[in-house]
Number of protein chains: 2
Amino acid sequence: MQNWKLTLTYDGTNYYGWQVQPGLPTIQGELQAAIQRVLSRSWGEAPLPQGSGRTDAGVHALGQVASFELGAPIPPENLQRALNRTLPDAIRVLESRTVPAAFHARHSALAKTYEYRIYRGQLCSPFLAPYVHPCRWPLDFDAMRDAASSVVGEHDFLSLAASDPDITLRSEEGPNGDSESVANANTPARSTIRTIFSSEWTESPGDLLTYRVRGNGFLHHMVRNLVGTMLEIGRGQFPAGSMPTILAARSRSAAGPTAPARGLFLHSVEYPDDSLI
Amino acid sequence: MQNWKLTLTYDGTNYYGWQVQPGLPTIQGELQAAIQRVLSRSWGEAPLPQGSGRTDAGVHALGQVASFELGAPIPPENLQRALNRTLPDAIRVLESRTVPAAFHARHSALAKTYEYRIYRGQLCSPFLAPYVHPCRWPLDFDAMRDAASSVVGEHDFLSLAASDPDITLRSEEGPNGDSESVANANTPARSTIRTIFSSEWTESPGDLLTYRVRGNGFLHHMVRNLVGTMLEIGRGQFPAGSMPTILAARSRSAAGPTAPARGLFLHSVEYPDDSLI
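Residues numbered from 1 in each chain as written. Chains lettered and ligands numbered in written order. Predicted model: local features only at pLDDT ≥ 70, side-chain atom pairs only at ≥ 80, totals over all residues.

In terms of helices and strands, chain A carries 6 helices and 10 strands. Long-range pairs, those at least 24 residues apart, make up 73% of the contacts in chain A with a sequence separation of at least 6. (Helix = DSSP H or I, 4+ residues; strand = E, 2+ residues; numbered from the N terminus. Contact = placed C-beta atoms within 7 Å.)

Shown next, in the form of structure tokens:
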């Protein structure tokens, strides 16, 4: 068996998220079906590719990573080309490579970066609309920058986790608290503690505000809840400087609403050097 | 009654073209439904907005124009705002204004500009895919530029019209040959003669080739057939310099295939100054 790593980009608009669901179009399902079409029948059923984490319905990816094992001997660049020939245009394989057997897209991840895009203009182009959250309220940008920087470091992010307890504690995106985790089997299960390495807002041309956050893992809905909370701070619904209090509350009701999926992009996933995998 | 002019942009990906069709999502149908929702019931049934021309399924618009009459007294900027509140995100009203009674989006048009976008890169981003035609063959760009310039001027474009005779001669996009035409009522009906004011290819950043053509009118499929023919010239299937011969043949079979809809944008429509309408 050969272990494979794929780097993927996708437009999540028309998909029910990453995770395979019976009868619904999902990224994982499309990818598995494409692998099946590429393999000759003699190699049996295609494996279910494992993602670095699940993305929700409507969330996009610039650099999602998936891993799976194949028995069929395929040259690395051929797999990329063959998959891109059969995948829908909305999903592209940016890179395919063989990796050591120990590599796992989720368990081996050291850091992830997400981006969230907000449109500030009067009239959002139809060509931009599926990729931004339009927000025209006046915003205190300094207060939002301050809120963003105050989440850097190790914190308990329970206040910013999805309110459904099953989902909150599923914790599929972090190395901590993942009961299936191999690399971190001795960390406490179901932890809501994560480390954020960087967190900042930037203004871009075309009336865009972009939030970029990099961390060792994210709880379900954590980035969208962070953005929703920072927007409440920006428009004065929560006081400037209140992010530390919101985190300390360890309660979902202390934070702001979940920002819409369509503005969110999984930007990239980082792994140890090949020699360390 | 007040006559209205709307300027519209839309992402045509998920629509069955401009023209209303029973049971199918179309731009004209969505716009009529939005006008209906904006009008109070006492003003009766919403008018069917008339476009400057029909765009096919999957074709986009940066500046389509529509006109219609309303009995309801509405301030111009309010109509834009009210329509944008109720239209799908894929359709936006860029401008709404009242115009003299004689104005008609199709009959009053003096010129139209279309753009066609071709992607030359190895791997087309999912975020670009619905708006370009990927073409990776080596292309003789000089021969394509030459072919583009050779259509400038007044020509019979029968070779580049849709092959279905009903559709070819429907001629809905040109001032000539339109039996409903007011402004040009004394020009011969069903003419396939059009005047092209400019026609050129440019290379843009990001592996894009863009064709832009401006003329007094276009036959059905004419821009897509022009592009399909120029691509055949570019890849050497037709000889360099053959465009005049292709036009002279006055036969659809002399030209190349119809390029896909998704690369085509109706860029803008020009009208006389308000004083002349």
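Before going further, it helps to spend a moment on the relation of the copies chain A and chain B. Once turned by 180° and shifted 0.0 Å along the axis, chain A lies on chain B with an RMSD of 0.0 Å. Interpreted geometrically, this transformation is the action of a two-fold axis. Proximity to the rotation axis, assessed at the C-alpha, singles out A:Phe127 in chain A; its C-alpha lies 4.6 Å from the axis. The residues that chain A uses at the interface reappear at the interface of chain B in 100% of cases, marking a shared surface. (Least-squares fit on C-alpha atoms with pLDDT ≥ 70 in both.)

Here the focus is unusual backbone geometry. All names here are of chain B. Not every positive phi belongs to a glycine, and Asp 207 is a case in point at roughly 60°. In this structure, Asp 207 sits in the loop between β8 (193–204) and β9 (208–215). The class of Asp 207 is partly exposed, set by 17 C-beta atoms lying within 10 Å. The backbone phi angle of Arg 250 is positive, close to 45°, even though this residue is not glycine. Here Arg 250 lies in the loop between α6 (243–249) and β10 (264–270). For Arg 250, a count of 13 C-beta atoms within 10 Å corresponds to the partly exposed category. (Buried ≥ 20, exposed ≤ 12 C-beta atoms within 10 Å, placed from the backbone.)

Here we come to the pairing of strand β3 (residues 60–70) of chain A. Residue and element names in this part refer to chain A. For strand β1 (residues 2–10) and β3, the ladder comprises 8 bridges, and the chain directions are antiparallel. In the strand pairing of β3, Gln 2 is matched with Leu 70. Where strand β2 (residues 50–51) lies against β3, 2 bridges are found, and the strand directions are antiparallel. When the sheet's bridge partners are listed, Gly 51 is paired in β3 with Ala 66. As paired strands, β3 and strand β10 (residues 264–270) are joined by 2 bridges and run parallel to one another. Following the sheet pairing, His 60 is matched in β10 by Phe 265. (Pairing = 2+ DSSP bridges.)

Okay, the interface of chain A and chain B next. Across the contact, 14 residues belong to chain A and 14 residues belong to chain B. Within the residue set of the side of chain A that touches chain B, elements represented by two or more residues are β1 and β4 (91–99) of chain A. The residue makeup of the side of chain A that touches chain B, split by class, is 8 nonpolar, 3 polar and 3 charged. (Nonpolar A, V, L, I, M, F, W, Y, C, P; charged D, E, K, R; others polar.)

Here the focus is the packing of helix α1 (residues 27–38) of chain A against helix α2 (residues 76–86) of chain A. Residues and elements named next belong to chain A. In the contact formed by α1 and α2, the axes pass within 9 Å of each other and the chain directions differ by 115°. On the basis of their axis angle, the class for α1 and α2 is roughly perpendicular. The hand of the α1/α2 crossing is right-handed. Across from Ala 34, Arg 37 and Val 38 in α1, the residues of α2 making contact are Ala 82, Leu 83 and Thr 86. Taken together, the residues of the contact of α1 with α2 sort by class into 4 nonpolar, 1 polar and 1 charged. (Axes fitted to C-alpha atoms, helices over the stretch in contact; angles between N-to-C directions. Parallel < 35°, antiparallel > 145°, perpendicular 65-115°, else oblique. Left-handed = near helix turned anticlockwise from the far one by under 90°.)

Here the focus is the domain arrangement of chain A. As far as domains go, chain A holds domain 1 (2–99) and domain 2 (111–276). Within the side of domain 1 of chain A that touches domain 2 of chain A, the residues separate by chemical class into 5 nonpolar, 8 polar and 2 charged. (Domains from an automatic or database assignment.)

All names here are of chain B. An ideal rise of 1.5 Å per residue puts 16 Å on 12 residues; helix α1 (residues 27–38) measures up with 17 Å between its terminal C-alpha atoms. All buried positions along α1 are accounted for by Ile 27, Gln 28, Gly 29, Leu 31, Ala 34, Ile 35 and Val 38. For α1, the secondary structure elements touched by its buried residues are β1 (2–10), β2 (50–51), β3 (60–70), α2 (76–86) and β4 (91–99). (Expected span 1.5 Å × (residues − 1).)

Right, let's talk about helix α3 (residues 141–149) of chain A for a bit. In an α-helix, one full turn covers 3.6 residues, which means residues spaced three or four apart are oriented alike. Residue and element names in this part refer to chain A. Considered for burial, the residues of α3 that qualify are Ala 143, Met 144, Ala 147 and Ala 148. Down the axis of α3, the buried set is contained in an arc of 140°. They therefore lie on one face. For α3, the elements touching its buried residues are β8 (193–204), β9 (208–215), α5 (222–234) and α6 (243–249). (Arc of directions from axis to C-beta.)

With that settled, consider the environment of A:Gly236. Residues and elements named next belong to chain A. Relative to the assigned elements, Gly 236 resides in the loop between α5 and α6. Residue class for Gly 236 comes out partly exposed when judged on the 13 C-beta atoms lying within 10 Å of it. Measuring from C-alpha to C-alpha, the distance between Gly 236 and Asp 140 comes to 7.6 Å, with 96 residues separating the pair along the chain.

Attention now moves to the environment of A:Val213. Within the element layout of this structure, A:Val213 appears in strand β9. Separated by 98 residues in sequence, A:Val213 and A:Glu115 place their C-alpha atoms 6.6 Å apart.

Where the model shows low pLDDT, its predicted coordinates should not be examined in detail. All names here are of chain A. Put simply, chain A has an average pLDDT of 90, and 89% of its residues get 70 or more. This stretch, residues 166–172, has a pLDDT under 50; its non-local contacts, to residues over four places away or in other chains, come to 16 contacts. ipTM for the predicted complex: 0.87, alongside a pTM of 0.88. (pLDDT = per-residue confidence, 0-100.)

On to the environment of B:Arg214. Residues and elements named next belong to chain B. When you line up the elements, Arg 214 lands in strand β9. Since 18 C-beta atoms lie within 10 Å of it, Arg 214 is described here as partly exposed. When neighbours within four sequence positions are excluded, Arg 214 is seen to be in contact with Ala 111, Thr 113, Phe 197 and Ser 198.

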